[in-house]
Amino acid sequence: MGRRQDTKKREAPKASSKKKDATGGYGKTERLSADALGFQIRTGPDAPSKTGASMDIEVSEIVVFAGKQELLYNATLRLAQGHKYGLIGRNGVGKSTLLRAMAERDGRVPIPQHFMIMHVEQEIKGDDTAVLQSVLQADQEREWLLKVEQELLEKEDDGSGQEPKVGGVGLMEVYERLEELGNDDAEARAAVILAGLGFSGEDQQRPTREFSGGWRMRIALAQSLFVQPDLLLLDEPTNHLDVHAVTWLEEFLKTWEKTVVVVSHDRCFLNNTTSNTVFLHRKRLWYYGGNYETLFPSSSKGKSEPCKFLVLVVRSVLLARRLLQVANLKQFIQRFGQGHKKMAKQASLRPWAYCPLMTRIGRVQALCYTLLLLLAAVTLKELPGLGPGTLRRGEMSRAPRLLRIRPVLALTSVAAAPLVVRRFDRSFARCENRAEQSLDQFLKSSKAQQWIELNSDKSQSCLVNTDSVDWIETAAGGVRRKMIERLGGEVARATTVVNFQPNASFPAHVHRGGEEFLVLQGDWYDDWATQPAYTYVRNYIGSKHTPRIGPKGCTILVKLCQMSEQHKEPDHSQWDISESNTNWRVCSSISGRRLLNVFESPLEEVHFERWQPNQSGDVDIPETGEEVFVIEGSFADELGEHRTWSWSRNAGDKQRLKRTSGPQGCLLYVKSRHLRSPEVDIAAMQTPASS
Ligand SMILES: Nc1ncnc2c1ncn2[C@@H]1O[C@H](COP(=O)(O)OP(=O)(O)OP(=O)(O)O)[C@@H](O)[C@H]1O
Ligand SMILES: [Mg+2]
């Protein structure tokens, strides 16, 4: 996120011969325009609210490109003053680019100049300014007025009998405008915002450079909330916030009176903060007078029949896909085992040929789904806002007979919808159960012996002390492992401690489901870099490397197939988590505990913690649970004693845990948010890659 405030380049004032003073004024009695001042004026006689300028936005014929790709064509942006809009659309459709185009004011989306726009997208740059001060300074108009006040107070009366002015503004006006900006309680308001976003009183006085990227993004957000621009653009604001800060932000935005556009993958956040939805689809903007939940109801309870109908169609398609995957996986493993790449390719190319399950349930279902889709298509065309509109007169006469009686069909399908919904809800549930049971049974059968489920249920809390788990030698010579968590066959979602013999080397391989590891002992080398002990590494889906082990051997904690296509990452990232990393910061709530934030995305958050010996404190656990691995030392909590190289999962049933570090203190790897996030499909990955 970064706070971008109207980045349009402003022309220098014409009177260049005049000397510029501390207030930015040229010719001190001349009234300065917003262009000369370099910020939008929100108070005084020149403010849009006084000049009667409209605060609604209507910009048509918008065309936006990203490189050569056309993202919007002939679209219309319509934002009413004080409304809160959720901007939605599938990944990569151009939501972020549109927000950027609105904020950059480079002519792509010509929003009137009198609008003050702030776009929270990137973190602020860290420097020596205290956090609280940086938030206060974000209000450029207030800063300017304070300087003008200072200059006017220092100014001597020139005896002309006229009120002294700086930048065309006299002292009385300065006071009135500062009052309009709420200058009296500015510091208190800034402090409240910062506290809501997780900054303690002590943190607020620390220089911004001491904070990690994620926290500097919170500062960027705080600055925008403090300034209250006419148009606030938030791109994934919850990405860098914990659950407390998200709740606080939701409450804060409820009382927000200006226009806001929010892009967020977090449906709950969208539902709680927005009242209107803009759908970016097929290069156009479509408007709905309701939030995300109204548009895409998550449950069919209490929703209109056409909405239920739409949900059913989507669910039916998903079920058909699931049935296909299950049947295909079973057939493939039964017939060919897992090693025949040629066969695997054939199976994946012609899935229907290997699906008796689909042919049995599928024929009747497929017919019904087709009818449903037809009815839905016809019905939805007639529903306001959901279809592209009705055919024009000329087209009607040329339309086939079926379309001519479309109104009749539409009425019939709407009337029949309740019956169809009830009928298919029941059959859908039965089929879904059958598919799941069938997969369950199969996985437990001897035909899928390679399948292992070990501590794999993410909804269950558990603690594994690996000192009581045996090393298992693997087929690759010189490699042994302690399994901690596993789900899958040869390709598995797995959390494992792996030990490699000195100087071992391995062939190049691709990470089909992504790989995340932590070097516990020794050195690891690969194409990317040397990764000594205390290195945390992420190799994203599709990345490739050829690892080699150092002369002392190497032990790592590795997590495989726990990433998702839904959030792209660089192919390789690594962090030094040793003491020498300067980003370790003191945790204000528990003495003797320090934190190092390393990775954060909408799907997961990873940080490290160092605890001094024998320290105790109540630790907040995110609602979505967390995973902890003890790299050094030990600690204890309600789950038991966590010794060195122990792993635990708190599924989120406890929101607060009292933890006490052992006599050597401890160094912890802590991962959260991921337990309820999507990840690669392990069942689908049992088919070897066709390359
Ligand atoms: N600077 C650029 N040059 C070329 N293509 C770009 C550039 N920036 C973005 N794109 C492409 O433009 C498209 C829209 O990107 P954008 O980030 O706006 O989408 P989005 O809707 O915000 O996606 P998401 O939901 O994943 O955040 C994507 O296909 C992206 O790859
Ligand atoms: Mg985006």
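Keep in mind the model is a prediction, meaning the values are calculated, not measured.

> Help me get a handle on the pairing of strand S26 (residues 626–637), residues and values and all.
Counting buried positions along S26 yields 10 of 12 residues, so the element is predominantly enclosed. Here S26 runs beside strand S28 (residues 646–650); their pairing, made up of four bridges, is antiparallel. Bridged to Val-628 within S28 is Ser-648. Two elements, S26 and strand S29 (residues 656–672), share nine bridges in a ladder whose sense is antiparallel. For Val-630, the partnering residue across the bridge sits in S29 and is Leu-668. Following S26, the chain reverses through two residues before pairing antiparallel with strand S27 (residues 640–642).

> Any chance you could break down a nonpolar patch on the surface for me, citing the residues and the numbers?
Together, Val-63, Phe-65 and Tyr-73 make up an exposed nonpolar region whose accessible area comes to about 260 Å². Within the fold, Tyr-73 resides in strand S3 (residues 69–79). Taking the relative accessible area as the measure of exposure, Tyr-73 reaches 41% and is therefore partly exposed.

> Which residues make up unusual backbone geometry, and what values go with them?
A positive phi angle, close to 55°, is found at Glu-61, a residue other than glycine. With respect to the secondary-structure elements, Glu-61 resides in strand S2 (residues 57–66). Of note, Arg-673 is a non-glycine position whose phi angle comes to about 75°, a positive value. With respect to the secondary-structure elements, Arg-673 resides in the loop between S29 and helix H19 (682–685).

> Lay out the packing of helix H7 (residues 186–196) against helix H10 (residues 243–254) with the relevant residues and their values.
Running from amino to carboxyl end, H7 crosses H10 at an angle of 135°, the nearest separation of the two axes being 8 Å. It follows that H7 is oblique to H10 by the angle criterion. Two secondary-structure elements touch here, H7 through Val-192, Ile-193 and Gly-196 and H10 through Ala-245, Trp-248 and Phe-252. Classifying every residue of the contact of H7 with H10 gives five nonpolar, one polar and no charged.

> So what's going on with the environment of Glu-251? Which residues, and what values?
Among the secondary structure elements, Glu-251 is positioned in helix H10. Look at Glu-251 and you get partly exposed, because its relative accessible area is 44%. Spatially, the C-alpha atom of Glu-251 lies 10.0 Å from that of Gly-196, the residues being 55 residues apart in sequence.

> Tell me about the pairing of strand S20 (residues 548–560), and name the residues and values.
Summarising the sheet, strand S14 (residues 492–500) and S20 pair through seven bridges and their orientation is antiparallel. Bridge pairing in S20 places Val-497 opposite Leu-557. As defined by bridge partners, strand S16 (residues 515–525) adjoins S20 across nine bridges and the pair is classed as antiparallel. Its bridge partner being in S20, Gln-521 is matched across the sheet by Thr-555.

> Could you give an account of the site of ligand 1, with specific residues and numbers?
The environment of ligand 1 is made up of Ala-66, Gly-67, Gln-69, Leu-71, Arg-90, Asn-91, Gly-92, Val-93, Gly-94, Lys-95, Ser-96 and Thr-97. Gln-69 is positioned with one of its side-chain polar atoms (N or O) 3.3 Å from an oxygen atom of ligand 1. Within the side chain of Ser-96, an N or O atom sits 2.7 Å from an oxygen atom of ligand 1. Protein contacts shield 55% of the accessible area of ligand 1, which totals 640 Å² for the unbound molecule. In terms of residue count, helix H3 (residues 95–104) provides more of the shell around ligand 1 than any other element does, three residues in total. Grouping the constituent residues of the shell around ligand 1 by class yields three nonpolar, seven polar and two charged.

> Tell me about the side chain of His-545, and please be specific about residues and values.
Tracing the chain through its elements places His-545 in strand S19 (residues 544–545). Accessibility expressed as a relative area gives 0% for His-545, which makes it buried. Among the polar contacts made by the side chain of His-545, one reaches the side chain of His-511 at a distance of 3.0 Å.

> Hey, could you go over H10 for me, with residue numbers and the actual values?
Between its terminal C-alpha atoms H10 stretches 17 Å, which fits the 16 Å expected from 12 residues at 1.5 Å a residue. If you check which residues of H10 are buried, you get Ala-245, Val-246, Trp-248, Leu-249, Glu-250, Phe-252 and Leu-253. Residues of H10 that are buried in the fold lie against strand S4 (84–88), H7, helix H9 (213–227), strand S6 (231–235) and helix H11 (267–273). A distance of 3.1 Å separates the backbone nitrogen of His-244 from a side-chain oxygen at the start of H10, and that oxygen is part of Asp-242.

> Can you tell me about helix H6 (residues 171–180), naming the residues and giving the values?
Turning to H6, its buried residues number three or more, namely Glu-173, Val-174, Arg-177 and Leu-178. The arc that holds the buried residues of H6, viewed along the axis, is 130°, so those residues lie on one side. Exposed and facing more than 90 degrees away from the buried side of H6 are Met-172 and Glu-179. Buried residues belonging to H6 abut helix H5 (140–154). Immediately beyond the C-terminal end of H6, within one or two residues, lies Gly-182, with a positive phi of roughly 70°.

> Give a detailed account of the confidence of the model for the chain, specifying residues and quantitative values.
Taken residue by residue, the chain gives an average pLDDT of 79. The fraction at 70 or more is 71%. Contacts from residues 1–27, a stretch scored under 50 in pLDDT, to residues over four places away or in other chains number 74 contacts. Low pLDDT, under 50, characterises residues 381–403; the predicted model gives this stretch 21 contacts beyond four residues in sequence or across chains.

> Please give an account of the pattern of salt bridges that cites residues and values.
Once their charged atoms are close, side chains differing in charge can pair, the charge on each being opposite to the other. Scanning the model with the defined rule gives 37 salt bridges in all. Across the pair Glu-516 and Arg-538 runs a salt bridge, and its minimum N-O distance is 3.8 Å. Residue Glu-516 is found in strand S16, and its partner Arg-538 is found in strand S18 (residues 535–539); the two are separated by 22 residues along the sequence. Arg-538 carries the same exposure label as Glu-516, and that label is buried. According to the relative accessible area criterion, Arg-538 is buried, its value standing at 0%. Salt bridges sharing common partners tie together Arg-42, Asp-139, Glu-141, Glu-173 and Arg-177.

So, how was this worked out
Residues numbered from 1 in each chain as written. Chains lettered and ligands numbered in written order. Predicted model: local features only at pLDDT ≥ 70, side-chain atom pairs only at ≥ 80, totals over all residues. Heavy atoms only, no water. Buried < 20%, exposed > 50% of the residue type's maximum accessible area, 1.4 Å probe, protein only. Helix = DSSP H or I, 4+ residues; strand = E, 2+ residues; numbered from the N terminus. Pairing = 2+ DSSP bridges. Patch = residues over 30% accessible without salt bridge, like charges linked within 9 Å, V, L, I, M, F, W, Y side chains within 5 Å. Areas by Shrake-Rupley, 256 points an atom, 1.4 Å probe, with all protein chains shown as cover. Salt bridge = Lys/Arg side-chain N within 4 Å of Asp/Glu carboxyl O. Axes fitted to C-alpha atoms, helices over the stretch in contact; angles between N-to-C directions. Parallel < 35°, antiparallel > 145°, perpendicular 65-115°, else oblique. Contact = heavy atoms within 4.5 Å. Nonpolar A, V, L, I, M, F, W, Y, C, P; charged D, E, K, R; others polar. Near = heavy atom within 4 Å. Polar contact = N/O pair within 3.5 Å; in protein donor to acceptor, adjacent residues only side chain to side chain. Expected span 1.5 Å × (residues − 1). Arc of directions from axis to C-beta. pLDDT = per-residue confidence, 0-100.

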